[in-house]
Amino acid sequence: MKLNQTLVVVAGLAAALQIATAGNVTGKITLKGTPPPEAPIPQAKENADCGKLLTAVPTTQHWVVSSKAELANVVVVIKGVAGAKSTGDAAAPALMDQVGCIYTPTILAVQTGQKITVKNSDPVMHNVHTRPNVAGNDEMNKAQFAKGPDLTFAFSKPEDFLKFQCDVHSWMFSWVTVVDHPYFAVTDKDGNFTIKDVPPGKYKIVATHRKAAPKGMESDIEVKADGGKADFTLEVPAK
Amino acid sequence: MNQSPHNSWLHRFAVLTALATLTLLGIGGLVTSHGAGMAVPDWPTSYGYNMFALPFHFWKGGVFYEHSHRLVASGVGMLTMILAVWLWFSETRRWMRWLGVIALVAVVLQGVLGGLRVVWFKDQIGIIHATLAQLFFALVCAIALFTSRWWVERRPPARLNGGLEQAGSETGAPLRWLFLSTTILIFLQLIIAATMRHEHAGLAISDFPLAHGKLWPDMSDAAVERYNQQRMEVVSLKPITTFQIGLQMAHRIVAVMILIGVAACAWRGAKTQLRRLTFTWLGLILVQIALGVWTIWSNKAADVATAHVLVGAFSLVTGVLGCIICNARLAGNKTPHVVGDSQCSTIRTVSV
Ligand SMILES: [Cu+2]
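Residues numbered from 1 in each chain as written. Chains lettered and ligands numbered in written order. Predicted model: local features only at pLDDT ≥ 70, side-chain atom pairs only at ≥ 80, totals over all residues. Heavy atoms only, no water.

Enquirer: So what's going on with the pairing of strand β6 (residues 116–120) of chain A? Residues and values would help.
Expert: All names here are of chain A. In terms of residue burial, β6 counts as a mostly covered element, since four of its five residues are buried. In terms of strand pairing, strand β3 (residues 94–99) meets β6 through five bridges, oriented parallel. Counterpart to aspartate 97 in the pairing with β6 is lysine 119. Pairing of β6 with strand β9 (residues 151–153) involves three bridges; the strand directions are antiparallel. The residue bridging threonine 117 from the neighbouring strand is threonine 152, located in β9. (Buried < 20%, exposed > 50% of the residue type's maximum accessible area, 1.4 Å probe, protein only. Helix = DSSP H or I, 4+ residues; strand = E, 2+ residues; numbered from the N terminus. Pairing = 2+ DSSP bridges.)

Here it is as structure tokens:
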């Protein structure tokens, strides 16, 4: 009994120490090559309901690249952190909104068990239809009325780019990557990412973009007490 | 004649049912072409409402197609029920009465399959639903044929026999076998096509006449990944797979085989009374191939793809009716009442 208590205390101390010494991993993703032009979505503007909410014909958002070739919407995951567990149950819900019949963001990353709140900011009815490919993650199809109450989703198994779609508006879709630990991030519009509180150690770090090559670029990283840094250059796939 | 006296109202009603079915096929095709199969998440209710009471403000976007499909389907169900009852009580040809029953069972099964596809999230059910839809259309068209004056008061078969025999001796290949095998090919093509459409992956091969830039596409995993990465999907599509690329190549090859088959039918049928039918068939196939190419070049525009589905259905029905007419005529006077189950093999009795 006493030994057990001691063990718990030691383990607790170790965990506290680890967080205390854990640092942020940051980096930037750059794109090499010129991506194909985004396709226009005329049917969105032509739609009686959605057209009113849009000032121009929207386009697809497959390649969100800054003027300095920095690539957004890349999911970056650190793999191999010993004892890494999902803290999804306790994590704040991730937010997905529908604005002007477009999902924002188009790429989201969450932990297993973490709630995903889907909002409808439109005065338009949507349905939110999940299209998982991994057994254990549920396919669901829920109606969401105009400015209706939020819907909540959560997935129990890790999965890359699980699709959310609206069948009322065929051009509405987005992806959610589900990870079974907290060490991941999605790049912002300047291609930057920050993965918080990574314990020191040597790991693999993987950057995945839906369209860029290679799919899931992997490199080694050593995280020290003050964190670490990892930059990637992804490419537009050759014809 | 000891057949049912021709009932023109029954025939007209059968034609009406066939036309309604055609409309339903078109709307069903639009549902899939617009990716709207799941736009109404519940079934048999619609957004919690009784299907017939869904308020109009819901009828927008994908809901419009899916909900219209459900309503028209109910209409076709009603028409089929009336047709089956009418046949049951008015037909003296026993097999015709049962044909009505089969149609009724098929339409009910079809409705249930459509509903299960929605509530079970099963794309595969869509394949069966789409295939059964066209078989049902062919069945209703056959009922319309069997109830027509032209069919009931058939002219003596001798003239046609003569024509066919003549054609057969000229070319050495009996027309009825050509009809049957080409119709089976079209049916096979339908299954391939329904599988492609209900995998919801869009165009597995986005170019024509080449396939991913080659005569035979690179189907390696690396290549398939590249194809997916290069795609700029506007609507929600599943990633394409090696299987789907293979299926699309099969579709193209079977299309060529069908064209050859139908052209041969037209060639050999030219001097028979089936001339008009076979030439119509050939015309349909040519239009169908053009629509298939246009589907690719338009990046699978929903209206073009749906027209391709409809002309495909017409091609199948023409083949089925052609098989029926050619076999029944050849079967001659000996079995005028059992044309429905007469097979091409009965030709031996007359071709001697
Ligand atoms: Cu929507």
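Enquirer: Let's hear about the coordination of the copper ion: which residues, and what values?
Expert: Around the copper ion, the protein contributes the donor atoms His126(A) (ND1), Cys166(A) (SG), His169(A) (ND1) and Met172(A) (SD), at 2.0 to 2.6 Å from the metal centre. Around the copper ion sit four donor atoms; with metal-centred angles ranging over 91 to 136°, the donor geometry is irregular. (Donors = N, O, S within 2.8 Å, 3.2 Å for Na, K, Ca; no water. Tetrahedral: all angles 85-135°; square planar, octahedral: opposite > 155°, others 65-115°.)

Enquirer: Describe the interface of chain A and chain B, naming the residues involved and giving the relevant values.
Expert: Taken together, the contact pairs 37 residues of chain A with 27 residues of chain B. Counting each side, the surface lost to burial between chain A and chain B is near 2500 Å², with a carbon and sulfur contribution of 55%. Ranking the residues of chain A by area buried against chain B places Asn141(A), Asp167(A) and Lys211(A) at the top, with a combined share of 19%. Across the pair Lys211(A) and Glu233(B) runs a salt bridge whose closest N-O atoms are separated by 2.8 Å. At the surface where chain A touches chain B, the tally comes to 15 residue pairs in polar contact (both at pLDDT 80 or more). Elements supplying a minimum of two residues to the side of chain A that touches chain B: β7 (126–131), β8 (141–144) and β10 (159–165) of chain A. Residue composition of the side of chain A that touches chain B, by class: 17 nonpolar, nine polar and 11 charged. (Contact = heavy atoms within 4.5 Å. Buried area = accessible area lost by both parts, 1.4 Å probe. Salt bridge = Lys/Arg side-chain N within 4 Å of Asp/Glu carboxyl O. Polar contact = N/O pair within 3.5 Å; in protein donor to acceptor, adjacent residues only side chain to side chain. Nonpolar A, V, L, I, M, F, W, Y, C, P; charged D, E, K, R; others polar.)

Enquirer: An account of the pattern of salt bridges is requested, with residue identities and associated values reported.
Expert: Side chains carrying opposite charge are able to pair once their charged atoms draw close together. Using the criterion set out here, one finds 14 salt bridges over all chains in the structure. In this structure, Lys229(A) engages Asp231(A) in a salt bridge whose closest nitrogen and oxygen atoms are separated by 3.6 Å. Asp123(B) is the partner of Lys238(B) in a salt bridge, and the nearest nitrogen-oxygen pair spans 2.6 Å. Of this pair, Lys238(B) sits in the loop between α8 (221–230) and α9 (242–269) while Asp123(B) sits in helix α4 (residues 123–146), and the two are 115 residues apart along the sequence. For Lys238(B), a relative accessible area of 31% gives the class partly exposed. Under the relative-accessibility criterion, Asp123(B) is labelled buried at 9%. One network of salt bridges, in which partners are shared, links Arg131(A), Glu139(A), Arg117(B), Asp123(B) and Lys238(B).

Enquirer: Can you lay out the state of the cysteines for me, pointing to particular residues and giving the numbers?
Expert: Residues and elements named next belong to chain A. Per the counting criterion, the structure on display carries one disulfide over all chains. Two residues, cysteine 50 and cysteine 101, share a disulfide whose sulfurs are 2.0 Å apart. Because the sign of the S-S torsion sets the handedness, a value of about -75° for the bond joining cysteine 50 and cysteine 101 places this disulfide among the left-handed ones. A residue pair is termed long-range when its members are at least 10 positions apart, and cysteine 50 in helix α3 (residues 48–51) and cysteine 101 in the loop between β3 and β4 (102–104) qualify at 51 residues. (Disulfide = S-S within 2.5 Å.)

Enquirer: Please provide a residue-by-residue account of the domain arrangement of chain B, values included.
Expert: All names here are of chain B. In terms of domain boundaries, chain B breaks down into domain 1 (1–153) and domain 2 (163–352). The interface is formed by 27 residues belonging to domain 1 together with 30 residues belonging to domain 2. Contact between domain 1 and domain 2 buries roughly 2600 Å² in total, counting both sides, with carbon and sulfur atoms accounting for 72%. Seen at the junction of domain 1 and domain 2, the total is one salt bridge. Counting every contact that joins domain 1 to domain 2 gives five residue pairs in polar contact (both at pLDDT 80 or more). When contributions to the side of domain 1 that touches domain 2 are tallied by element, the ones reaching two or more residues are α1 (8–33), α3 (94–119), α4 and α5 (149–152). Class assignment of the residues belonging to the side of domain 1 that touches domain 2 gives a composition of 15 nonpolar, 10 polar and two charged. (Domains from an automatic or database assignment.)

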